[in-house]
Amino acid sequence: EYKGRLLGKEYSIGGGQKKFRQMSVGTFLKTYTEGTYLLVVRGHMFCIKDGEVFGNYDDGMMLKRPINIAYKIGKLTQEEQQIKREENKLENVN
């Protein structure tokens, strides 16, 4: 089972400081080199998997576009799977 996790817009700018602003696609590619992510930019969504862009031809070239939303896609842990099973049991009882 998979789930999506919303990534924050706060990221390190060096010296232990963090800044709250929109990360660009280029910065995202440098920061998140492993994993599967769905990125939403203005009016469009595409996928990045292990540092490779999957989408339209221009998605990998327009690196200065600000990201509106970023989701990390990954497998549920065993603990999260157990919680989900218990939630499903409660829904079936009601």
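Preceding this section is the structure that the text describes.
Just so we're clear, the structure is a prediction, and the values are computed from it rather than from any experiment.

**Some details on the pattern of salt bridges**
A pair can form between side chains of opposite charge whenever their charged atoms are brought close. Taken as a whole and judged by the stated rule, the model has 1 salt bridge. Where D59 meets R65, a salt bridge forms, and the shortest distance between an N and an O atom there is 3.2 Å. There is no split in this pair, since D59 and R65 are both buried.

**Digging into the nonpolar core**
M23, V25, F28, L29, Y37, L39, V41, F46, I48, I67 and A70 together form the largest nonpolar core, which totals 11 residues. Contributing elements (two or more residues each) for this core: α1 (25–31), β4 (36–41) and β5 (44–49).

**Some points on the pairing of β5**
Here 6 bridges tie β4 to β5, and the two strands are oriented antiparallel to one another. Looking at the pairing, V41 lines up with H44 of β5. Here β4 hands over to β5 after 2 residues, with G43 in that stretch at a positive phi of 75 degrees. Note that β5 and strand β6 (residues 52–54) share 3 bridges and pair antiparallel. By the bridge assignment, C47 is partnered in β6 with F54. Counting the residues between successive antiparallel strands, the hairpin from β5 to β6 contains 2 residues, one of them, D50, with a positive phi of roughly 50 degrees.

The rules behind these values
Note on numbering: residues in each chain are counted from 1, in written sequence order. Only residues with pLDDT of at least 70 are given local features in this predicted model, and only at 80 or more are side-chain atom pairs given and counted; all residues enter the totals for whole chains, interfaces and linings. The basis for the side-chain values is all heavy atoms of the structure; hydrogens and waters are excluded. Salt bridges are defined as contacts in which a side-chain nitrogen from Lys or Arg sits within 4 Å of a carboxyl oxygen from Asp or Glu. For every residue, the accessible area (1.4 Å probe, protein chains only) is compared with the maximum for its type, and the residue is labelled buried under 20%, exposed over 50%, or partly exposed between those bounds. Buried Ala, Val, Leu, Ile, Met, Phe, Trp, Tyr and Cys residues that are joined via side-chain atoms within 4.5 Å together make up what is termed a nonpolar core. We count a stretch as a helix when DSSP gives it H or I for four or more residues in a row; a strand needs E for two or more, and each element gets its number in order from the N terminus. Here, a strand pair is defined by DSSP locating no fewer than two bridges between the strands.

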